[in-house]
Amino acid sequence: MATHTYEAGRGAIRPTGVPPTVKGLSLVSLFNDFASEMVYPLLPAFVIRTLGGGPLLLGVLDGASELTSSVVKWASGRLADRPGWRRPLILGGYAVAVLVRPLIAVANAAWQVIGFRVIDRIGKGVRTPPRDALISEVTPPEQRGRAYGFHRGADHFGAVLGSLAAWWLLQRGADVRSVIGWSAVPGVVAVVVLAVVLRGVTSHQSPVVSPKQPATGDRRLATGDFWPSVLALTGITFFRLPETLLILRLQDQGVAIAAVPLVWAGLHVVRSASSYPGGWLSDRLGPRRLVAAGGLLFAVVAFVLGMALGPAAAIALFLTFGLVAGLTESGERAVVARLAPVRTGRGFGVYHALTGGVALPAGLLFGAIYQSRNGPTALWASAAGMVAAVLVWLIVTPSQERLQQ
């Protein structure tokens, strides 16, 4: 027998499940990540071997792009709460990325790669808070973990396709520059699909609640628990080693450059397959526990990857990192949506801004450790910091019972 939820203030009854708008946005993310992940796993080899950069520069590449994105997310989140702004922000953000990302192929110096990557991340900063707020708006609170899990699963599946496409092109003799240039094709498809999806969206920008989830309780939570929880998430993000350095560690362990896109695709297979189950567990067990479990899993895998391993063992551990996203991404977004039910765009803007803003200092720190000491030291420092951050998260974040009040 189908269950139903009620749309606040409108008296409408609708069946539970992943809303059509979420499915449409998920398809857009699939094609966009198809394009993005044709590029990203090749950046370490492109920057270091083609353009002559080093590990520290890779840390700057990740950090500077995410810091810029974070500043934009803060502003975009505030704009997303204004009537009529969400759709143009989402569309404009994707369009910027599609136009700029292929230009990395023409870069002749490492600083140019950083510049193009920063502009690409500006597009991400513009679109992410309004998109996540829109998903929250059209989804009942008790279904949000699954909705975000569905979206993240599609996003990661797109990364699988992009990584496989990059590997296929490399296997057939294409160089790195041409592979990056071909990323324009799925990017254009993403924007076309998005334009169709947004045409059918009517944004009311009011929280969706059910009779069991009164908005008044959420407002009380928002005032006392939002900032400690988001700051704790920021700490967890800070101690995640940048993924470019994780890819570099694979190469240190003997994994061939030509195999990196294939391994990257495998990582996103795990992420895609675990995202919806992770969202389901978040709805059932509570996002607080799932985020903590994901952080501890990251710490264990990072610690072991710091040891001397063969290529096969290193790849197996790297793939295990995919479970971290499945456990944490849906839960983090579900917590933010609960704690910012009225100004949801602003809430997601703050969350994405702070968690992205620590990427530059984290990239500089762990890149410097990797370059001045070695890879194992950087990985072990990341693991130790992650354990401490998880403990803080468990202390300051409200329990599942309080989140459901």
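Source: prediction; values computed, not measured.

Parameters at a glance
- Residues numbered from 1 in each chain as written.
- Predicted model: local features only at pLDDT ≥ 70, side-chain atom pairs only at ≥ 80, totals over all residues.
- Heavy atoms only, no water.
- Axes fitted to C-alpha atoms, helices over the stretch in contact; angles between N-to-C directions.
- Helix = DSSP H or I, 4+ residues; strand = E, 2+ residues; numbered from the N terminus.
- Parallel < 35°, antiparallel > 145°, perpendicular 65-115°, else oblique.
- Contact = heavy atoms within 4.5 Å.
- Nonpolar A, V, L, I, M, F, W, Y, C, P; charged D, E, K, R; others polar.
- Phe/Tyr/Trp six-rings, centres within 6.5 Å; stacked < 30°, edge-to-face > 60°.
- Buried < 20%, exposed > 50% of the residue type's maximum accessible area, 1.4 Å probe, protein only.
- Lys NZ or Arg CZ within 6 Å of the ring centre and 35° of its normal.
- Core = buried A, V, L, I, M, F, W, Y, C linked by side-chain atoms within 4.5 Å.
- Patch = residues over 30% accessible without salt bridge, like charges linked within 9 Å, V, L, I, M, F, W, Y side chains within 5 Å.
- Areas by Shrake-Rupley, 256 points an atom, 1.4 Å probe, with all protein chains shown as cover.
- Salt bridge = Lys/Arg side-chain N within 4 Å of Asp/Glu carboxyl O.
- Expected span 1.5 Å × (residues − 1).
- Bend = angle between axes of the 7 residues up to and from the residue.

A few points about the packing of helix H13 (residues 311-320) against helix H14 (residues 322-339)
Helix-helix packing is characterised by the crossing angle of the two axes and by the distance between the axes.
Reasoning step 1: Running from N to C, H13 and H14 cross one another at 5°; their axes reach a closest spacing of 4 Å. By the angle class used here, H13 and H14 are roughly parallel. Contact residues: H13 offers Phe318, Leu319 and Thr320, while H14 offers Gly322, Leu323 and Val324.
Reasoning step 2: Residue composition of the contact of H13 with H14, grouped by class: four nonpolar, two polar and no charged.

Describing the packing of aromatic side chains
Reasoning step 1: Evaluation of the coordinates by the stated rule reveals 10 aromatic pairs.
Reasoning step 2: Geometrically, the ring pair formed by phenylalanine 226 and tryptophan 227 is edge-to-face, given 5.6 Å between the ring centres and 85° between the ring planes.
Reasoning step 3: With a relative accessible area of 7%, phenylalanine 226 lands in the buried category.
Reasoning step 4: Overall, tryptophan 227 belongs to the partly exposed group, its relative accessible area being 42%.
Reasoning step 5: On the basis of an interplanar angle of 50° and a centroid distance of 5.2 Å, the ring pair of phenylalanine 298 and phenylalanine 321 is categorised as tilted. Here phenylalanine 298 is found in helix H12 (residues 287-305), whereas its partner phenylalanine 321 is found in the loop between H13 and H14, with 23 residues between them in sequence. We note that phenylalanine 298, like phenylalanine 321, is buried.
Reasoning step 6: Through pairs of rings, three or more aromatic residues link up here, namely Tyr40, Trp264, Phe298, Phe318 and Phe321.
Reasoning step 7: Here the basic side chain of arginine 127 rests over the ring of tyrosine 94, its NZ or CZ set 4.5 Å away from the ring centre.

A few points about the nonpolar core
Reasoning step 1: Core analysis: the biggest nonpolar cluster contains 97 residues, and Ile104, Val113, Leu241, Phe318, Phe321 and Trp393 have the highest contact counts within it.
Reasoning step 2: Among the elements that take part in this core, helix H5 (residues 110-138) stands out by supplying nine residues, more than any other.
Reasoning step 3: When near neighbours in sequence (up to four residues on either side) are disregarded, isoleucine 104 contacts Val39, Leu43, Phe46, Val113, Phe116 and Ile180.

Some words on a nonpolar patch on the surface
Reasoning step 1: A cluster of nonpolar side chains, namely Leu296, Val387, Leu391 and Leu394, defines an oily patch on the protein surface of about 310 Å² accessible area.
Reasoning step 2: Per element, the largest residue contribution to the nonpolar patch is three residues, and it comes from helix H17 (residues 375-396).
Reasoning step 3: With respect to the secondary-structure elements, leucine 391 resides in helix H17.

What to know about helix H10 (residues 243-252)
Reasoning step 1: Extensive coverage of H10 is indicated by the burial of eight of its 10 residues.
Reasoning step 2: Within the span of H10, buried status applies to Thr244, Leu245, Leu246, Ile247, Leu248, Arg249, Leu250 and Gln251.
Reasoning step 3: Immediately beyond the C-terminal end of H10, within one or two residues, lies glycine 254, with a positive phi of roughly 100°.

A look at helix H11 (residues 260-285)
Reasoning step 1: Compared with the 38 Å implied by 1.5 Å per residue over 26 residues, the 35 Å span of H11 between its first and last C-alpha is a close match.
Reasoning step 2: Of all the bends found along H11, the most pronounced is centred on serine 275 and spans about 35°, while proline 277, a proline, follows it within four residues.
Reasoning step 3: Glycine 286 lies just past H11 and shows a positive phi near 105°.

Quick word on the environment of alanine 259
Reasoning step 1: For alanine 259, the position within the fold is in the loop between H10 and H11.
Reasoning step 2: The class for alanine 259 is partly exposed, based on a relative accessible area of 25%.
Reasoning step 3: Considered as a pair, alanine 259 and glutamine 171 are 88 residues apart in the sequence and their alpha carbons are 9.4 Å apart.

With respect to the pattern of salt bridges
Reasoning step 1: Tallying each qualifying case throughout the model produces 12 salt bridges.
Reasoning step 2: For the salt bridge of arginine 333 with aspartate 132, the shortest nitrogen-to-oxygen distance reads 3.5 Å. Of the two residues, arginine 333 is situated in helix H14 and aspartate 132 in helix H5; the sequence distance between them amounts to 201 residues.
Reasoning step 3: The buried category is assigned to arginine 333, whose relative accessible area is 8%.
Reasoning step 4: Note that arginine 240 is salt-bridged to glutamate 332, the shortest N-O span being 3.2 Å. With arginine 240 in the loop between helix H9 (215-238) and H10 and glutamate 332 in helix H14, this residue pair connects regions lying 92 residues apart in the sequence.

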